[in-house]
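Next come the chains, spelled out residue by residue.
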Amino acid sequence: MSFPSAGPAMPHAVPPMPPPAVELRGVLRRYGSDDTAVTALDRVSIAFPPGSWTAVMGPSGSGKSTLLHCAAGLDRADEGQVLVAGRDITRAPEHVLTELRRRSLGFVFQNFNLVGALTAEQNVALPLRLAGVRVKREQVRAALADVGLGDRGGHRPRELSGGQQQRVAIARAMVTRPDVLFADEPTGALDSRSARTVLGLMRRVVQGSPQCVVMVTHDPVAASAADAVVFLRDGRLVDRLVGASARDVADRLATLED
Ligand SMILES: Nc1ncnc2c1ncn2[C@@H]1O[C@H](COP(=O)(O)OP(=O)(O)OP(=O)(O)O)[C@@H](O)[C@H]1O
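Residues numbered from 1 in each chain as written. Predicted model: local features only at pLDDT ≥ 70, side-chain atom pairs only at ≥ 80, totals over all residues. Heavy atoms only, no water.

Caption draft 1: Highlighting helix α2 (residues 94–104). Those residues of α2 lying buried are Leu97, Leu100, Arg101 and Ser104. Axial view of α2: buried residues confined to an arc of 105°, hence all on one face. Each element contacted by the buried residues of α2 is listed here: β4 (79–84), β5 (87–88), β6 (105–109) and β7 (180–184). (Buried < 20%, exposed > 50% of the residue type's maximum accessible area, 1.4 Å probe, protein only. Helix = DSSP H or I, 4+ residues; strand = E, 2+ residues; numbered from the N terminus. Arc of directions from axis to C-beta. Contact = heavy atoms within 4.5 Å.)

Caption draft 2: Structural view of the sheet that holds strand β2 (residues 38–48). Read across the sheet, 4 strands follow the order β2-β1-β4-β5 without closing on themselves; strand pairing throughout is antiparallel. Each edge of the open sheet carries a strand with a single partner, namely β2 and β5. As paired elements, strand β1 (residues 22–31) and β2 share 8 bridges and run antiparallel to each other. Within the sheet, the bridge partner assigned to Val27 lies in β2 and is Val44. (Pairing = 2+ DSSP bridges.)

Caption draft 3: Quick peek at the pattern of salt bridges. A complete count under the given rule lists 12 salt bridges for this structure. Measuring nitrogen to oxygen at the nearest pair gives 2.5 Å for the salt bridge that ties Arg252 to Asp239. With Arg252 in helix α8 (residues 246–257) and Asp239 in strand β10 (residues 236–242), this pair connects stretches of sequence that are 13 residues apart. Linked by salt bridges that have partners in common, Arg29, Asp75 and Asp78 make up one network. (Salt bridge = Lys/Arg side-chain N within 4 Å of Asp/Glu carboxyl O.)

Caption draft 4: Spatial organisation of the UniProt feature "domain: ABC transporter" (unreviewed entry) in the chain. What UniProt calls "domain: ABC transporter" (unreviewed entry) maps, in this numbering, to residues 22–254. Helix makes up 35% of residues 22–254 and strand 27%, with an end-to-end C-alpha separation of 28 Å. (UniProt positions renumbered as here; feature names shortened; annotations may be inferred.)

Caption draft 5: Structural context of unusual backbone geometry. The phi dihedral of Phe112 falls on the positive side, at around 70°, and the residue is not glycine. Along the chain, Phe112 falls in the loop between β6 and α3 (120–130). For Arg177, which is not a glycine, the phi torsion comes out positive at approximately 50°. Structurally, Arg177 is set in the loop between α5 (162–174) and β7.

Caption draft 6: Highlighting the site of the ligand. Lining the immediate environment of the ligand, one finds Tyr31, Val38, Ala40, Pro59, Ser60, Gly61, Ser62, Gly63, Lys64, Ser65, Thr66 and His218. Gly61 places a main-chain nitrogen or oxygen 2.8 Å from an oxygen atom of the ligand. Taking Lys64, its side chain carries an N or O atom lying 2.8 Å from an oxygen atom of the ligand. Relative to its free-state accessible area of 630 Å², the ligand is covered by the protein chains to the extent of 57%. No other element matches the 3 residues that helix α1 (residues 64–71) contributes to the shell around the ligand. Tallied by class, residues from the shell around the ligand come to 4 nonpolar, 7 polar and 1 charged. (Near = heavy atom within 4 Å. Polar contact = N/O pair within 3.5 Å; in protein donor to acceptor, adjacent residues only side chain to side chain. Areas by Shrake-Rupley, 256 points an atom, 1.4 Å probe, with all protein chains shown as cover. Nonpolar A, V, L, I, M, F, W, Y, C, P; charged D, E, K, R; others polar.)

Caption draft 7: Here's a closer look at empty space enclosed by the protein. In this structure the tally under the stated criterion is 1 cavity of 30 Å³ or more. Around the largest cavity sit Cys70, Gly73, Asp75, Arg76, Ala77, Val82, Ile89, Thr90 and Leu97, which together line it. Here the lining of the largest cavity is composed, by residue class, of 5 nonpolar, 2 polar and 2 charged. (1 Å grid on protein atoms, 1.4 Å probe; cavity = no way out; pocket = protein on both sides within 12 Å on 5 of 7 lines; lining within 4 Å. Points joined across faces, edges and corners; volume = space filled by probe spheres on them.)

Caption draft 8: Local environment of the layout of surface pockets. One number sums up the size of the largest pocket: a volume of about 400 Å³. What lines the largest pocket is a set of 15 residues, among which Arg101, Leu105, Phe107, Pro127 and Leu130 lie closest to the centre. Among the secondary structure elements, those contributing two or more residues to the lining of the largest pocket are α2, β6, α3 and α5. In terms of residue count, β6 provides more of the lining of the largest pocket than any other element does, 4 residues in total. Taken as a whole, the second largest pocket spans an internal volume of roughly 320 Å³. Lining the second largest pocket are 15 residues, with Ala143, Asp146, Met174, Arg177 and Arg204 sitting closest to its centre. Broken down by element, the residue count for the lining of the second largest pocket peaks at 4 residues, all from helix α4 (residues 137–146).

Caption draft 9: View of the packing of aromatic side chains. Counted according to the given criterion, the structure contains 2 aromatic pairs. For the ring pair Phe107 and Phe182, a centre distance of 5.8 Å and an interplane angle of 25° mean the geometry is stacked. Of this pair, Phe107 sits in strand β6 while Phe182 sits in strand β7, and the two are 75 residues apart along the sequence. Judged on exposure class, the residue Phe107 and its partner Phe182 are both buried. In this structure an aromatic cluster arises from ring pairing among Phe107, Phe109 and Phe182. (Phe/Tyr/Trp six-rings, centres within 6.5 Å; stacked < 30°, edge-to-face > 60°.)

Right, dumping it as structure tokens:
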């Protein structure tokens, strides 16, 4: 019996790991100076992987908004680094950050922030126009259909319910196919049924796609819909729960608020 001689090791085709969609490395953010100084983020390191949905929780003033703003290039870290899709944006000039936000990041806010004078379709088309992309009406309609509002394209925000307005805002945020959707209290102004619909849309964003959602919320029910919940206190990351129930999340938050 003969064995083949051992040749050179066959190289295995290991696909490279994609970088986190967003990463903070030792981010420090301080407001004010001397005795009025507040350390809003105290050397926070966290990575948000592609295809993941993370909720950020913590008591009032714990640094949630500051984390979101630094991660999205809306605010600058005093120390540490912020990377988006592996690219260091910490000291990127303002025009580069503006371009990044237009092309790669989406935003959803508690109060929807739709332009009242524009129809739902025109609101959804806005980020494409701002990015200098030729607007295809079918693309805009498809984005509205994706959030179940294919028949509301001609309505202005005041003609829509709060839940419908938030769905338009999500369609607007997603029409550019951003790498990351940042959501700041997206269900804060909604009744529980509309909130569930919005949370279902967030789940669809991350399901089977490399897009990532980072959501600040005070609501344990909303947080428990995410893949992971991270907790801040006094500008520091103090805990991370995966697959937690709303009760688990509420209990953990209560201990931080004591
Ligand atoms: N522009 C600013 N100037 C001075 N202090 C600020 C500024 N922005 C935030 N802070 C302070 O930084 C800390 C963190 O604020 P941040 O808004 O990030 O907290 P938060 O967890 O989002 O709070 P909330 O849940 O109440 O919205 C707070 O003490 C806040 O007062």
